[in-house]
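Below are the chains, spelled out letter by letter.
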Amino acid sequence: MVDFSAIVRNQRTFFSTGHTQDVKFRVTCLRELEHWICGHDGDILAALKTDLNKPPFESYATEVGIIRDELKFTLKRIRRWSRPKTVLANLKNFPSTGRKYPEPYGAALIMSPWNYPFMLTVAPLIAAVAAGNCALVKPSAYSPATSSLLARMCAEVFDPNHVSVVEGGRQENAALLDERYDIILFTGSTSVGRTVMQAASRHLTPVVLELGGKSPCVVDETANLKLAAKRIVWGKFVNAGQTCVAPDYVLAHTSIKKKLLDEMTAAVKTLYSETPCENPDYPKIINEKHFHRLLGLLEGEKTVLGGGSDPVSLRIEPTLLDDVSWDAPVMKEEIFGPLLPVLTYTTPEEAVHMINACPKPLAMYLFTAGKEAQRYFLRHVSFGGGCINDTIVHLSIPRLPFGGVGDSGMGGYHGRAGFDAFTHYKSVLHKSRHIDIPLRYPPYTDFALKLLRKI
């Protein structure tokens, strides 16, 4: 097995040289990364095709394109983000100036998942490098082609003492978590997130956890049903439903449920054909374990559309489920596949009660024409992020932090939020040497107390 202790030790030594503190060094590294990605996008798309059967357009739109936007956004602003920030001091410390000095944590561990193996690895890496950290990157063993490409990319772009990639499975993950880091960013399941946080607590290491959960999609009686159906179907079944922010279930107003199901059925057939398992552009389930898990969730459920599967290609048709009970197995865990239960509600209060009975989700989506409905759901439901009248595309905006709350995670990144996640802001008060107000020094007087109360 790889000597992880040596890697971390070498990264700490490299960090101590001060190279990563130099913003010019960070910019150079990110520009080289950008150049490599632009020159190898064909290799990236091929790796994603191998691992998940993603079509080139989908891979570029949801992985490569998002990373290129993230790099462009960061490179344009990194110098401004890296400058000390002056803040107003208070009257008690007159005359003085407060400053916040951004400094990197040091050695970062980035553990990424298999469902968007390129984007969800490189996006936090951009943030870590931009903030001036060294990084040890651990991609998922479930996406070996992309993991191998990431190892090659980092070896060709970065000094190995600055950024290293470690491949492997559970044994390597466990050994990695035995080491001490200055910050850990993990993307994956809630159960593994708990393990990561427990390991980090041994060293009081700060963590950013990007987890998941059952993200609801509410469709009320004022929604444009044809548009809502198309956007829900796309957001749910892109990457065969293996998206942490995909709609996990639909809550449709009772008055429009049947019409919505009809529109979603038509949308699935239009987007994925009458025979999705024969569609060369329809992604596959990552492995047999998850394939059989998903088929198990289908047992005993009423299928409106889909339900078919191909064990050879590991594909499961986009599947719509009706009359689903909240006690059904498909409603007891994050689905993470192409199965979409449709449930009903009668009032916004009832919908909110249903949603809030579950752990806080990573995302929520609301389709409505009403401003009051928007205000009500945004005020009463806690979730990581989401969209009004669309699904999942909020992830593509660098200015919007990506992160969860409660069981769906903690912390966030993308754009400035990513820089902040990997940065400690050192607070310093610069005090005048020429004026020293004697009020704070003993012996204390009644007059001094009266003056203190006023200021």
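Our subject is the structure that appears above.
The rules we used
Residues numbered from 1 in each chain as written. Predicted model: local features only at pLDDT ≥ 70, side-chain atom pairs only at ≥ 80, totals over all residues. Heavy atoms only, no water. Axes fitted to C-alpha atoms, helices over the stretch in contact; angles between N-to-C directions. Helix = DSSP H or I, 4+ residues; strand = E, 2+ residues; numbered from the N terminus. Parallel < 35°, antiparallel > 145°, perpendicular 65-115°, else oblique. Left-handed = near helix turned anticlockwise from the far one by under 90°. Contact = heavy atoms within 4.5 Å. Nonpolar A, V, L, I, M, F, W, Y, C, P; charged D, E, K, R; others polar. Pairing = 2+ DSSP bridges. Phe/Tyr/Trp six-rings, centres within 6.5 Å; stacked < 30°, edge-to-face > 60°. Buried < 20%, exposed > 50% of the residue type's maximum accessible area, 1.4 Å probe, protein only. Patch = residues over 30% accessible without salt bridge, like charges linked within 9 Å, V, L, I, M, F, W, Y side chains within 5 Å. Areas by Shrake-Rupley, 256 points an atom, 1.4 Å probe, with all protein chains shown as cover. Salt bridge = Lys/Arg side-chain N within 4 Å of Asp/Glu carboxyl O. Expected span 1.5 Å × (residues − 1).

1. Re the packing of helix 2 (residues 23–39) against helix 6 (residues 144–157)
- Interhelical geometry of helix 2 versus helix 6 gives an angle of 135° and a closest axis separation of 10 Å. Considered as vectors, helix 2 and helix 6 are oriented oblique to each other. Once helix 2 is placed against helix 6, the crossing between them reads as right-handed. Judged by residue contacts, C29, E32, L33, W36 and I37 of helix 2 engage L149, R152, M153, E156 and V157 from helix 6.
- For the contact of helix 2 with helix 6, a count of residues per class yields seven nonpolar, no polar and three charged.

2. Here's the deal with the sheet that holds strand 8 (residues 216–219)
- Here seven strands make up an open sheet; going across it, the order is 10-13-14-9-8-15-16 and the pairing mixed. Both edges of this open sheet fall to strand 10 (302–305) and strand 16 (385–388), since each of them pairs with a single strand only. Strand after strand, the sheet turns through a mean of 25° between neighbouring axes, direction not considered.
- Pairing of strand 13 (residues 319–322) with strand 14 (residues 339–345) involves four bridges; the strand directions are parallel. Note on strand 14: the bridge partner recorded for D322 is V342.
- Against the sheet, helix 11 (residues 288–298) engages strand 10, strand 13 and strand 14, with an angle of about 35° to strand 14.

3. Re the packing of aromatic side chains
- All chains considered together, the criterion is met by nine aromatic pairs.
- With a centroid separation of 6.2 Å and 50° between ring planes, the pair formed by F14 and F25 is classed as tilted. With a gap of 11 residues between them, F14 in helix 1 (residues 4–16) and F25 in helix 2 connect regions that are remote in the sequence.
- Assessed through its relative accessible area of 11%, F14 is described here as buried.
- The class for F25 is partly exposed, based on a relative accessible area of 23%.
- Each ring, one from W114 and one from F336, has its centre 5.5 Å from the other, and the planes form 90°; the classification is edge-to-face. Separated by 222 residues along the polypeptide, W114 in the loop between strand 3 (107–111) and helix 5 (119–131) and F336 in the loop between strand 13 and strand 14 bring together distant segments of the chain.

4. Things to note about a nonpolar patch on the surface
- On the surface, L91, F94, I435, I437, F447, L449, L451, L452 and I455 cluster together into a nonpolar patch covering about 850 Å² of accessible area.
- Checked against the element boundaries, I437 lands in the loop between strand 20 (423–431) and helix 15 (446–454).

5. A look at helix 8 (residues 190–201)
- Along its 12 residues, helix 8 runs 16 Å from first to last C-alpha, staying within 8% of the 16 Å computed at 1.5 Å per residue.
- For helix 8, the full list of buried residues reads T190, G193, V196, A199 and A200.
- For helix 8, the elements touching its buried residues are strand 3, strand 6 (183–187) and strand 7 (207–210).

Read these as layout, nothing more, since geometry by itself doesn't imply function.
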